[in-house]
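# Structure at a glance
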Amino acid sequence: MRQEHHVLDFLTTLSYRSNNLDHYLREIASSVSRLLQSDWTIVTVCQGETGTIAASSLDLGDRDYGFSVHDTLAGKVAQTGQPILIEDAIHLHDECKLPECYRAYLGVPLRSPFGSSIGTICSLFEQPQTFSEDAVRLVGIFAERAATALDNYQLYQNQQQLLAELTQANQQLQIEIQERQQIEQEVRRLAEVGELAAMIVHEVRNPLTTILLGLMTLKKNNLTEAVQLRLSLALEEADRLQRLLNEILLYTKRQSLSSSELEINRWMADMENLIKDIPATSGRLVEFTSTVTKAWVLADRDKLRQVFINLTKNACEAVDEGSTVTWSITPGTTASHVCIRCHNEGNPIPLELLKSLGHLSAQPSQRVMG
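My aim in this report is to walk through the structure given alongside it, one point at a time. (Residues numbered from 1 in each chain as written. Predicted model: local features only at pLDDT ≥ 70, side-chain atom pairs only at ≥ 80, totals over all residues. Heavy atoms only, no water.)

## Quick word on the overall build of the protein chain
Along the backbone of the protein chain there are eight helices and twelve strands. Per-residue burial over the protein chain gives 31% buried out of 370 residues. A fraction of 63% describes how many contacts in the protein chain between residues 6 or more apart in sequence connect residues 24 or more apart. Counting only carbon and sulfur atoms, one obtains 53% of the accessible surface of the protein chain, whose full area is about 24,600 Å². (Helix = DSSP H or I, 4+ residues; strand = E, 2+ residues; numbered from the N terminus. Buried < 20%, exposed > 50% of the residue type's maximum accessible area, 1.4 Å probe, protein only. Contact = heavy atoms within 4.5 Å. Areas by Shrake-Rupley, 256 points an atom, 1.4 Å probe, with all protein chains shown as cover.)

Pasting the structure below:
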């Protein structure tokens, strides 16, 4: 009865929280050691083929005391799930020996709520002992407390990991939502800009048409050569302004592609004569080269033609007369891509201006036949 009172006193002093498992297990080891008056008590945790000392009634320092469950009494207790009592090791002929200078041993398994053994409570004595059933039963109570704490700790760790994963996923989701909201805001802004641009184009085209009609009527008159020259320049500028307005209006409309297959070498050969007739190429040499035998691409012919014309005009306008503008077709980074490059021997575009340029997507379902 007195021993049971001691056990109750020990148990009432134990207080477990998920963040103090080490301290809790040490208290259990120390309580069992005091209860049995042992020289050393340890709590072990066994997983598979290995085990470790999770708590000790003696100070073992910060070392990690791991061991193989084979050929050890703690491993045998964990594997069999049954207590092992050695009252005097001098009579022990088993392959599992006690540590040097210890004569008696009591080992009790730690059982999880599912019945499996996850470790042990082991007490060692320097002198022979006699173990009663009550002593084994009382140590079993502490073993149950230790097993419950270990199971709760594992559950707590799993919950913390799940919480961390959910938190990270939520943060990523919030970032994606913010990015999507920013994209939606930019789309709405661009739509508003497009509507405003379309309205301005319509407002400007009407008076511009009137101006063009007036200039064309005036051109029919018998004017001096100098006036005719100035009038021709005015018509050219008005016509250029009208083309610019048409391009702006085209940009504000939703674009649709009418794609078809074309062999890029043959298509570039057809483009060569067209490009050389562009006024901007006057005084510049435009060359076409290809190191790809055949390259089929899926593209909108008209829009791709306009892209090539615009690039050639920009390349020629950026260099002096006598310069060479080169169009080259080379294999791409993969077997299903080709690289089409336009180079005018001029200086590269400054990095700070690159971000202001539009992005060209020139990779619609390409396939290469070599």
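## Let's talk about the layout of surface pockets
Here the idea is plain: a probe the size of a water molecule rolls over the atoms and shows the empty space left. For the second largest pocket, the calculated volume is near 450 Å³. A per-class count over the lining of the second largest pocket returns five nonpolar, three polar and five charged. (1 Å grid on protein atoms, 1.4 Å probe; cavity = no way out; pocket = protein on both sides within 12 Å on 5 of 7 lines; lining within 4 Å. Points joined across faces, edges and corners; volume = space filled by probe spheres on them. Nonpolar A, V, L, I, M, F, W, Y, C, P; charged D, E, K, R; others polar.)

## Concerning the sheet that holds strand S6 (residues 117-125)
Taken in spatial order, the six strands line up as S3-S2-S1-S6-S5-S4 in an open sheet, and their pairing is antiparallel. Each of the sheet's edge strands pairs with one partner strand only, and the pair in question is strand S3 (66-68) and strand S4 (84-86). Strand-to-strand twist across the sheet, computed as the mean angle between neighbouring axes with direction ignored, equals 25°. Here helix H2 (residues 21-36) sits on the sheet and contacts strand S1 (40-47), strand S2 (50-56), strand S5 (104-111) and S6; the angle it forms with S2, its principal contact strand, is near 75°. (Pairing = 2+ DSSP bridges. Axes fitted to C-alpha atoms, helices over the stretch in contact; angles between N-to-C directions.)

## Some remarks on helix H3 (residues 73-80)
Here H3 has its buried residues at Leu 73, Ala 74, Gly 75, Val 77 and Ala 78. Contacts made by the buried residues of H3 are with S1, S3, S4, S5 and S6. Positive phi shows up at Gly 81, right after H3, with a value of about 70°.

## Observations regarding the nonpolar core
If you look at the biggest cluster of nonpolar residues, it comprises 29 residues, and the most contacted ones within it are Leu 25, Leu 36, Leu 110 and Ile 121. When residues of this core are assigned to their parent elements, the largest contribution, ten residues, is made by helix H4 (residues 133-219). If sequence neighbours within four positions are ignored, Leu 110 has contacts with Val 43, Thr 44, Ser 116, Ser 117, Ile 118, Gly 119, Thr 120, Ile 121, Ala 143, Ala 146, Ala 147 and Leu 150. Membership of the second largest hydrophobic core comes to 19 residues, among which are Met 271, Ile 278, Val 286 and Val 297. (Core = buried A, V, L, I, M, F, W, Y, C linked by side-chain atoms within 4.5 Å.)

## Some points on the packing of aromatic side chains
In this description, an aromatic ring pair is defined by two values, namely the gap between the centres and the angle between the planes. Evaluation of the coordinates by the stated rule reveals four aromatic pairs. Measuring from centroid to centroid gives 6.2 Å for Trp 40 and Tyr 102, while their planes differ by 35°, and the two rings are tilted. On the criterion of sequence distance, the pair formed by Trp 40 in strand S1 and Tyr 102 in the loop between S4 and S5 is long-range, its members being 62 residues apart. Among the residues examined, Tyr 102 registers a relative accessible area of 13% and is labelled buried. On the basis of an interplanar angle of 85° and a centroid distance of 4.9 Å, the ring pair of Trp 267 and Phe 308 is categorised as edge-to-face. On the criterion of sequence distance, the pair formed by Trp 267 in helix H6 (residues 264-276) and Phe 308 in helix H7 (residues 301-317) is long-range, its members being 41 residues apart. We note that Trp 267, like Phe 308, is buried. An aromatic cluster of at least three residues, connected via ring pairs, comprises Trp 267, Phe 308 and Trp 327. (Phe/Tyr/Trp six-rings, centres within 6.5 Å; stacked < 30°, edge-to-face > 60°.)

## Regarding unusual backbone geometry
Within the chain, Gln 37 stands out as a residue other than glycine whose phi angle is a positive 55°. Looking at where Gln 37 falls in the secondary structure, it is placed in the loop between H2 and S1. Take Gln 37: its relative accessible area is 68%, and that puts it in the exposed class. Although it is not a glycine, Cys 101 sits at a positive phi angle of roughly 75°. Among the structural elements, Cys 101 can be located in the loop between S4 and S5.

## Remarks on the packing of H6 against H7
At their nearest, the axes of H6 and H7 sit 11 Å apart, and the two run at 50° to each other. For the element pair H6 / H7, the angle class is oblique. The interaxial crossing formed by H6 with H7 has right-handed handedness. For the pair formed by H6 and H7, the contact residues are Trp 267, Met 268, Met 271, Leu 274 and Ile 275 on the first element and Arg 301, Leu 304, Arg 305, Phe 308, Ile 309 and Thr 312 on the second. Counted by class, the contact of H6 with H7 contains eight nonpolar, one polar and two charged residues. (Parallel < 35°, antiparallel > 145°, perpendicular 65-115°, else oblique. Left-handed = near helix turned anticlockwise from the far one by under 90°.)

## Things to note about the side chain of Glu 263
Mapping Glu 263 onto the fold places it in strand S7 (residues 259-263). For Glu 263, the side chain forms a polar contact with the side chain of Asn 265, separated by 3.1 Å. A distance of 2.8 Å separates a polar side-chain atom of Glu 263 from the backbone nitrogen of Arg 266. Not counting residues within four places of it along the chain, the set of residues in contact with Glu 263 comprises Thr 293, Lys 294, Ala 295 and Trp 296. (Polar contact = N/O pair within 3.5 Å; in protein donor to acceptor, adjacent residues only side chain to side chain.)

## Side note on a nonpolar patch on the surface
Together, Leu 196, Met 199, Ile 200 and Val 204 make up a nonpolar patch on the protein surface, roughly 330 Å² of accessible area in all. Structurally, Met 199 is set in helix H4. (Patch = residues over 30% accessible without salt bridge, like charges linked within 9 Å, V, L, I, M, F, W, Y side chains within 5 Å. Salt bridge = Lys/Arg side-chain N within 4 Å of Asp/Glu carboxyl O.)

## As for the pairing of strand S10 (residues 324-331)
By the bridge criterion, six bridges tie strand S8 (residues 285-290) to S10 in an arrangement that is parallel. Along S10, the bridge assignment pairs Val 286 with Val 325. The sheet contact formed by S10 and strand S11 (residues 338-343) spans six bridges and is antiparallel. Looking at the pairing, Thr 326 lines up with His 343 of S11. Between S10 and S11, which pair antiparallel one after the other, the connecting turn spans six residues.

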